[in-house]
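Coordinate analysis (summary)
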Amino acid sequence: MLSFILRRLVQSLLVLFVMSLLVFAGVYAIGNPVDILINPQADQAEIARATAALGLDLPLWRQYWNFLAGAVSGDLGRSFVSNAPALHLILERMPATLELALTATLIAVVLGIPLGLWAGLRPDTAVGRLIMGGSIIGFSLPSFWVGVMLIMVFSVELGWLPPTGRGETVTVMGIQLSILTWDGLRHIAMPAFNLALFELALLIRLTRAGTREALGQDYVRFARAKGVPMPRVLRVHVLKNILIPIVTVVGVEFGSVIAFAVVTETIFAWPGMGKLLIDSISVLDRPVIVAYLLIVVLLFVLINLIVDLAYTALDPRVRLAGRSA
Amino acid sequence: MLKRLIIAACASAWTLTAVFAADLNIGLSADVTTFDPHFVAAQPNLTAQKHVFDTLVYVDERGRPIPGLATWKTTDSVTWEFTLRRGVKFHDGSELTTDDVLFSLDRTLNIKGSPGGYATYVRPIIAKEIVDRYTIRLKTAAPYGGVAQDLSEVQIVQKRAAQNATGEDFDSGRAAIGTGPYKLVRFARGSRIELARNDDYWRGRLPWEKVTLHILPSDPVRTAALLSGQLDAIEHVPTADLARLRKDPSLRLEQAVSWRTIFLHLDQYREHPPGVSGKDGKALERNPFKDARVRRALSKAINRRAIAERVMEGLALPAANVVSPSVFGHDPAVKPEPYDPKGARQLLAEAGYPDGFRVSIATPNNRYINDEQVAQTVAQMFSRIGIETRVDAMPLSAYFGRARKRDFGIALLGWGSLAADLALRSLAGTTNPEKGYGTWNWSGYSNPELDALIERSLATVDPRKRETIARQASALAAREMAFLPLHYQIVTWAMKKNLSYAARTDEFTFAHHFKPR
């Protein structure tokens, strides 16, 4: 188990290195951030001075070397536009994104699995069809449009929820959390639902298909013939068996929920990491771009690790050490 | 009975507070990256910071410098004497002195890791001499008339608080001690800025006790937040929502002609500008833009009124000058080139291009209002006189870098400046790194006569004389078509019916300029 985790971490270090190199060269190729950030009235000497102050006059390999030297000691550089360390900017925003992604995932799981079960158990009823029809909408509507519609209906027309921003926060162990306040919950409801929509639809379909399949299996039929009550059949025989693909999807989706949060964060002016990345790309704020991607890769590695560990809990036949050998 | 009285009293107290202890929520259109007022010269940052920090020189709604923290006079052609108002207090109660001013000016030059902040404005000053607590004398190396305009951008921080402060100290508010109308309560980056009224503000008491600036870069969302009542006012009303907001009886709009002029740079210095060729794709013998008749033809081909009314939905004014009407050095005698496609064709034929040629217009697609659509429209207008035109649109991050490498034959640019001579120095002065001329002169336009005018204008310290020369320079650049002005943007604020705002040509949104009606 331990060696498995270690091996994973070493692999991810390699990924981090290659990725930082690619991003570094990529941003360099687009252009010089000083061209965008410089005071328009500045003369040529001032432009040269600013370029040198940021170390952008050095050859690319030197700039990368300086970055690596800093990165090894935990310093990912200072933002060109914010006068703050890049890492600090990202960590400052991370709770907002994680909070949003977790709430979205929670909504998807809490609504998606029961709805999928229902649709799987009664596929030919009107409700079952309605659920499936609804899931198609969840797949096909662009989330930008849905977000704006949510704001128009619930904020502008009905006035129930605040249209944008993050609510009041409380500090828990040094982290700013908004889901613990009523104001925060009112603010997160729409963006989280908007973000959950795709995953919700996915989980409904997945659960339904799994349920349909499991219901036809011998062990379910045997259990029912034996007279086991239906709720217990569902809980012990159906749900437990269909949970492995669902856990995989929730895990993988959690990564993409974080990635897709960019769109939702932009619509709802949610101060998360995704919005920071977009803003940073538009002004070529390289230290922040590189640091952001490094952290997201780390996050993905971590999520996959947790998913793998979750397998062993759900299915005793899976052995981590055996697989990696 | 008593109970009723109490209820009535409470009710009236409640309505009173609702009227007087009002909060103001404003939606801003761009992110504020730092609260360090000297780190990066970006308008969104200045917008937020100028609530907390003051400047020696203020700028009025029309873009003209007026006394701020100080009044000034020139004692000779290179000496500017600034006299501070007495009794101006920082947010911590200490008095503003020339020590703070000197420190703030020097800080712009010494700040580390800045991508080019405010040093540009302070660099011309070679000596700073504190005369007394309230008087500071600034000397320039050569006569330079732009000192007051430049200092309207340099915010004054408190020496004691800012001396060893990092960017984080300003963001946390610890070093963000100014003399401005509001105190910084919380800077939640990417989300909002919470401000509290400075009751000792030297210009008197303000109506808004608590102000929150919300960062809402997405256009439809900013509008929705106003419509939902979450916000009291928004800046930069998007063209698409203008009609709807105008019809809404609970809202009102305030507009001003912005200082931003949108124009086209035409490469006039190389033999073969990028993207310019014959219709058969072969290179032309010479650069057509070097011929004034061709430039005039292109200018005549542009229907500026149609662009202003249709593409910009009325949020623009046809342009002829380098700066917009109320700005220093605008020459009202210069009129926009009338739309005349027939005359344009004729001029092209005279210049030896009866069948036209092929060009490409480069434009950013996320910088100016409807920038890409404007370029597309101009392209169609050029095509109508036989010049086959393609549009090459890209995000700003790629655009400025490529433009600086002179990758484009025709390039769209917008420019906001407080003075025509300063604008022309960057845009049309002969490129000369030693003198600092022509930094943004993508046309490669060069005219010694214009250079001399700009130089003379900038070296004139008397504002009235300086403006006369600046106007001549504006007129000359327009006559020679150093670049082709398209329009001045119009900037719009939308707010609740019971508010008013003195719309500003420099586009700034200041809570302290909103008034209850």
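In this text, all values refer to a predicted model and were calculated from it rather than measured experimentally. (Residues numbered from 1 in each chain as written. Chains lettered and ligands numbered in written order. Predicted model: local features only at pLDDT ≥ 70, side-chain atom pairs only at ≥ 80, totals over all residues. Heavy atoms only, no water.)

Overview of the overall build of chain A
When helices and strands are tallied, chain A shows 13 helices and 2 strands. Principal-axis analysis of the C-alpha atoms places the extent of chain A at approximately 85 × 60 × 35 Å. In chain A, once contacts between residues fewer than 6 apart in sequence are set aside, the share between residues at least 24 apart is 72%. When the accessible surface of chain A is totalled, it reaches about 15600 Å², and 71% of it is carbon and sulfur. Of the side-chain charges in chain A, 24 are positive and 20 negative, and the distance between the mean point of each set is 16 Å. (Helix = DSSP H or I, 4+ residues; strand = E, 2+ residues; numbered from the N terminus. Contact = heavy atoms within 4.5 Å. Areas by Shrake-Rupley, 256 points an atom, 1.4 Å probe, with all protein chains shown as cover. Lys, Arg positive; Asp, Glu negative; His and termini not counted. Charge placed at Lys NZ, Arg CZ, Asp CG, Glu CD.)

Quick look at the domain arrangement of chain B
Residues and elements named next belong to chain B. What the domain assignment lists for chain B is domain 1 (22–250 + 497–516) and domain 2 (259–489). Distance between the C-alpha centres of domain 1 and domain 2: 32 Å. At the junction of the two partners, domain 1 supplies 22 residues and domain 2 supplies 21 residues. When the two sides are added together, the surface that domain 1 and domain 2 hide from each other amounts to roughly 1800 Å², 52% of it contributed by carbon and sulfur. Three residues stand out in domain 1 for area buried against domain 2, namely Arg64, Gln149 and Thr239, and they jointly supply 32% of the buried area on that side. A salt bridge links glutamate 467 to arginine 64, with the nearest nitrogen and oxygen atoms 3.2 Å apart. On inspection of domain 1 and its partner domain 2, the count reaches 9 residue pairs in polar contact (both at pLDDT 80 or more). Each residue belonging to the side of domain 1 that touches domain 2 can be placed in one class, and the counts come to 6 nonpolar, 10 polar and 6 charged. (Domains from an automatic or database assignment. Buried area = accessible area lost by both parts, 1.4 Å probe. Salt bridge = Lys/Arg side-chain N within 4 Å of Asp/Glu carboxyl O. Polar contact = N/O pair within 3.5 Å; in protein donor to acceptor, adjacent residues only side chain to side chain. Nonpolar A, V, L, I, M, F, W, Y, C, P; charged D, E, K, R; others polar.)

Here we look at the confidence of the model for chain B
In this model, chain B carries an average pLDDT of 91, and 96% of its residues clear a pLDDT of 70 or more. Counted against residues more than four places away or in other chains, residues 1–21 of chain B, with its pLDDT under 50, gives 4 contacts. (pLDDT = per-residue confidence, 0-100.)

Some points on the nonpolar core
Among the nonpolar cores identified, the biggest contains 229 residues, and Phe35, Leu56, Phe82, Leu151, Ile193, Phe357 and Phe382 of chain B are the most heavily contacted of them. By residue number, the principal contributor to this core is helix 12 (residues 286–314) of chain A, which donates 14 residues. Residue-level mapping places this core at the junction of two domains, with at least three residues from each of domain 1 (22–250 + 497–516) and domain 2 (259–489) of chain B. Of all hydrophobic cores here, the second largest spans 26 residues; its members include Met152 and Met190 of chain A together with Ala225 and Leu245 of chain B. (Core = buried A, V, L, I, M, F, W, Y, C linked by side-chain atoms within 4.5 Å. Buried < 20%, exposed > 50% of the residue type's maximum accessible area, 1.4 Å probe, protein only.)

Some thoughts on the pattern of salt bridges
Residues and elements named next belong to chain B. Across all of its chains, the model carries 39 salt bridges over all chains by this definition. Residue glutamate 388 is joined to arginine 358 by a salt bridge in which the shortest nitrogen-to-oxygen separation is 2.9 Å. Taken together, the residues span a long stretch of sequence, with glutamate 388 in strand 17 (residues 388–394) and arginine 358 in strand 16 (residues 358–364) at a distance of 30 residues. The exposure class assigned to glutamate 388 is partly exposed, which follows from its relative accessible area of 35%. Residue arginine 402 is joined to aspartate 407 by a salt bridge in which the shortest nitrogen-to-oxygen separation is 3.1 Å. One continuous salt-bridge network, built from bridges that share partners, spans Lys73, Glu81, Glu129 and Arg137.

As for the side chain of arginine 425 of chain B
Along the chain, arginine 425 of chain B falls in helix 15 (residues 420–427). Despite its burial, arginine 425 of chain B remains without a salt bridge, the nearest opposite charge being carried by aspartate 150 of chain B at 6.0 Å. Excluding residues that lie within four positions of it along the chain, arginine 425 of chain B makes contacts with Gln41 of chain A together with Gly436, Tyr437, Gly438, Ile454 and Leu458 of chain B.

Some words on a nonpolar patch on the surface
The grouping of Leu14, Phe17, Val18, Leu21 and Leu22 of chain A at the surface amounts to a nonpolar patch, some 490 Å² of accessible area in total. Examined against the element boundaries, leucine 22 of chain A turns out to sit in helix 1 (residues 2–30). (Patch = residues over 30% accessible without salt bridge, like charges linked within 9 Å, V, L, I, M, F, W, Y side chains within 5 Å.)

Regarding the interface of chain B and chain A
Interfaces are frequently sized by the accessible area removed from exposure as the parts join. Between chain B and chain A, the residue contacts involve 55 residues of the former and 50 residues of the latter. Between chain B and chain A lies a buried interface of about 4100 Å² when both sides are counted; carbon and sulfur atoms form 52% of it. When the buried area of chain B at its contact with chain A is split by residue, Pro115, Arg189 and Ser397 of chain B rank highest and sum to 15% of it. As a salt-bridge pair, arginine 78 of chain A and glutamate 168 of chain B come within 3.3 Å of each other at their nearest N and O atoms.

Side note on the sheet that holds strand 8 (residues 135–140) of chain B
All names here are of chain B. Spatial ordering of the open sheet is given by 5-6-8-7, a layout of 4 strands whose pairing is antiparallel. Single-partner strands in this sheet number two, and they are strand 5 (70–76) and strand 7 (125–132). Averaged over all pairs of adjacent strands, the angle between their axes in this sheet comes to 20 degrees, without regard to strand direction. Sheet topology places strand 5 next to strand 6 (residues 79–84); 6 bridges connect them, and they run antiparallel. Within strand 6, the residue paired with threonine 71 across the bridge is threonine 83. (Pairing = 2+ DSSP bridges. Axes fitted to C-alpha atoms, helices over the stretch in contact; angles between N-to-C directions.)

Quick word on helix 7 (residues 143–157) of chain A
Its 15 residues give helix 7 of chain A an end-to-end C-alpha distance of 20 Å, which sits within 8% of 21 Å, the value for a rise of 1.5 Å per residue. All of the buried residues along helix 7 of chain A are Val146, Gly147, Val148, Leu150, Ile151, Met152, Ser155 and Val156 of chain A. Next to the buried residues of helix 7 of chain A lie helix 8 (182–215) and helix 10 (230–267) of chain A together with helix 8 (219–227) and helix 9 (242–247) of chain B. Directly after helix 7 of chain A, the chain includes glycine 159 of chain A, whose backbone phi takes a positive value near 70 degrees. (Expected span 1.5 Å × (residues − 1).)

Some thoughts on the environment of threonine 33 of chain B
Position of threonine 33 of chain B among the secondary structure elements: in the loop between strand 1 (23–28) and helix 2 (43–49). For the pair threonine 33 of chain B and aspartate 171 of chain B, spaced 138 residues apart in the sequence, the C-alpha separation amounts to 9.5 Å.

Quick word on the packing of aromatic side chains
Residues and elements named next belong to chain B. Considering all chains together, one arrives at 25 aromatic pairs over all chains under this definition. With a centroid separation of 4.8 Å and 40 degrees between ring planes, the pair formed by phenylalanine 263 and phenylalanine 483 is classed as tilted. Residue phenylalanine 263 is found in strand 14 (residues 251–266), and its partner phenylalanine 483 is found in the loop between helix 17 (463–480) and strand 19 (484–496); the two are separated by 220 residues along the sequence. Residue class for phenylalanine 263 comes out buried when judged on its relative accessible area of 0%. Taking the centre distance of 6.3 Å and the plane angle of 65 degrees together, the rings of phenylalanine 289 and phenylalanine 357 count as edge-to-face. Of the two residues, phenylalanine 289 is situated in the loop between strand 14 and helix 10 (292–301) and phenylalanine 357 in the loop between helix 12 (341–350) and strand 16; the sequence distance between them amounts to 68 residues. The residues phenylalanine 289 and phenylalanine 357 share a single accessibility class, namely buried. (Phe/Tyr/Trp six-rings, centres within 6.5 Å; stacked < 30°, edge-to-face > 60°.)

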